[in-house]
Each structure stands twice: as C-alpha cells, then as structure tokens.
Amino acid sequence: MSAGTYTPRPGAAPLPRMIAAQTALETRMLLRNGEQLLLTVIIPTLLLVLFSVVDVVDTGAGEPVDFLTPGVLALAVMSTAFTGQAIATGFERRYGVLKRLGASPLPRWALMTAKTLSVLVTEVLQIVLLTGIAFALGWSPEGNPFAVLLLLVLGTAAFSGLGLLMAGTLKAEATLAAANLVFLLLLVGGGVIVPLDKFPDAAQAVLGLLPVSALSEGLRDVLQHGAAMPWGEAAVLAVWAVLGLGAAARFFRWE
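Structure report, in brief. (Residues numbered from 1 in each chain as written. Predicted model: local features only at pLDDT ≥ 70, side-chain atom pairs only at ≥ 80, totals over all residues. Heavy atoms only, no water.)

Let us now look at the layout of surface pockets. Within this model, the largest pocket holds a volume of roughly 300 Å³. Among the secondary structure elements, those contributing two or more residues to the lining of the largest pocket are helix H1 (15-32), helix H3 (64-94) and helix H5 (108-136). For the lining of the largest pocket, the leading source of residues is H3, giving eight residues. Its residues assigned to classes, the lining of the largest pocket shows eight nonpolar, seven polar and three charged. Forming the walls of the second largest pocket are 13 residues, and the residues nearest its centre are Met112, Thr116, Leu164, Leu245 and Ala248. Counting residues per element, the ones that place at least two in the lining of the second largest pocket are H5, helix H6 (145-169) and helix H10 (231-251). Among the elements that make up the lining of the second largest pocket, the one with the highest residue count is H6 (five residues). Tallied by class, residues from the lining of the second largest pocket come to 10 nonpolar, three polar and no charged. (1 Å grid on protein atoms, 1.4 Å probe; cavity = no way out; pocket = protein on both sides within 12 Å on 5 of 7 lines; lining within 4 Å. Points joined across faces, edges and corners; volume = space filled by probe spheres on them. Helix = DSSP H or I, 4+ residues; strand = E, 2+ residues; numbered from the N terminus. Nonpolar A, V, L, I, M, F, W, Y, C, P; charged D, E, K, R; others polar.)

Written out as structure tokens, the structure is:
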C-alpha cells in the first residue's frame, strides 16, 4: 500500500454526473409533491375519463376520446412545464435554494438543464399513463409519431420558458396564484376540452394563438385527422418558445 492511498481528492464531480444527479433529485421532489401530482396526473386523468365516458361537451363527429386525448396531452405538458415548474422554481427562489445552488460547482445553466430534463422525464411518465388510459377507452390515433414528438418538444420549450420567466420575475405567492389562474383559464379557453369552434369568431382568432391551443389543435390534427405536420401550430409554438426562453434568460432573477 503506497503512501497517500486514502488521501482525499476534493473537487467537483464530472458535469454530466452532476446534471444527472440534480435531474434525479428534481424528479423525485416533483413526484413527491401532492399539489404537483394533482396538476400533472390526477386532473388530466379525471378529465380524460370523465368527458370520454359522460356526454357533457359536444366534441363533434367521432368518438369523444379521439378529440379529448390530444387536448389532455397538451394539458399535461402545460401542467408540468409551466404550472408545476413555475410554482416550484418560484418558491425555491424565495427560500434561497436557487441562490445556494447557483454558488455550488453546478453551473447555473446546468441547473436549468437539470430542471428541463426533470420536466421531460415527468412528461414521459404522464404520456405513458394517459395514452394507456386512452387506449383502454377506445382511442384510435392516426398520423406521424415524429410530428407528435416535435409538437410536444416545442410545447415543452414554450411552456418551460414562460414558467421560468414567471418564477424568475414575480414573488412566490404571486407566481402560485398567477400560474394556477392561467392553468384554469387555458383549460377552459385553450381548446383542451371545449372545441375552439364553439367560441365566437373573434375569440377564436385570439385563442388560436395561445400555446396550449396551438399544441392541442396541432396534436389533434395529427392524431385525430392524420395530418402530416401542422406547420402553422408548430410555428406558433416555436415563436412562444423563442420569446419565453429568451425573456427568461434575460430577466430571470436568482435572488
């Protein structure tokens, strides 16, 4: 045994390992939070089952589950990437968690990367659960899966940017109230459960530009109607993603 065999080697872990560890921590914290589970799992599941089984909303021709599933998938993305992330990050900022993590060997950009990866992991779990339930209810999807993947990625980027912008500029209590209010308003007016064509023409033009409307209508075009790629909705999501992420990077305050 040579001298120095047990000599400590202080220093930061490799960056990929730090990001993976922070991603796992963020995911565990999200899945253990009862309020987050309500937003990300329970509410979308209840909406899918309830409105697919009970004839409450006129979803047009075809089976209700074929109309509802794309909208509920869009709602799941919004609940995780926007509402859940905004609330969690806002309170981490208030309690000084972000400030302390920002002073750790983990770079700030890597911390945000870990948060984004945690959102993606949670979304995968949501999509697996919701699609399984939808298939059990008789869902018969169509279209190109790569188009669906692109829409989900663009929607995640758009909602994530908006959520981080809100969490990094407002007080935690204001973020909590605003994020939940936006969630409820977009649930009603974002084409998730109620078709956009049920609204007045003037309102449709405005509502169609919202990210949740673009995501739900884009997914519906592909999964229900078999469209190759809804470029209009994808462009709307891309614009929101650029604006949201750019504004979050510019105005996010760590303290």
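Our next topic: the side chain of Gln85. Relative to the helices and strands, Gln85 resides in helix H3. From its side chain, Gln85 meets the backbone oxygen of Ala81 in a polar contact 2.9 Å long. The residues contacting Gln85, other than those within four sequence positions of it, are Thr80, Lys115, Thr116, Val119, Ser160 and Leu164. (Polar contact = N/O pair within 3.5 Å; in protein donor to acceptor, adjacent residues only side chain to side chain. Contact = heavy atoms within 4.5 Å.)

Below, the discussion takes up H6. Here H6 is 25 residues long and its end C-alpha atoms lie 36 Å apart, about the 36 Å a rise of 1.5 Å per residue gives. The N-capping residue of H6, defined by a side-chain oxygen 2.9 Å from the backbone nitrogen of Phe146, is Asn144. (Expected span 1.5 Å × (residues − 1).)

One can describe the packing of H3 onto H6 by two numbers: an axis separation of 8 Å at closest approach and a directional angle of 25°. If you check the angle between H3 and H6, you find them roughly parallel. Pair H3 / H6 crosses with right-handed handedness. Across from Val77, Met78, Ala81, Phe82, Gln85, Ala86, Thr89, Gly90 and Arg93 in H3, the residues of H6 making contact are Leu152, Gly155, Thr156, Phe159, Ser160, Leu162, Gly163, Leu164, Met166, Ala167, Gly168 and Thr169. Residue classes in the contact of H3 with H6 are distributed as 11 nonpolar, nine polar and one charged. (Axes fitted to C-alpha atoms, helices over the stretch in contact; angles between N-to-C directions. Parallel < 35°, antiparallel > 145°, perpendicular 65-115°, else oblique. Left-handed = near helix turned anticlockwise from the far one by under 90°.)

Moving on: the packing of aromatic side chains. Scanning all chains against the criterion turns up two aromatic pairs. Ring centres 6.1 Å apart and planes at 35° place the aromatic pair Phe91 and Tyr95 in the tilted group. With a centroid separation of 5.1 Å and 40° between ring planes, the pair formed by Phe135 and Trp139 is classed as tilted. Residue Phe135 is classed as partly exposed on the basis of its relative accessible area, which comes to 49%. When the ring centre of Phe67 is taken as reference, the NZ or CZ atom of Arg220 above it lies at 3.8 Å. (Phe/Tyr/Trp six-rings, centres within 6.5 Å; stacked < 30°, edge-to-face > 60°. Buried < 20%, exposed > 50% of the residue type's maximum accessible area, 1.4 Å probe, protein only. Lys NZ or Arg CZ within 6 Å of the ring centre and 35° of its normal.)

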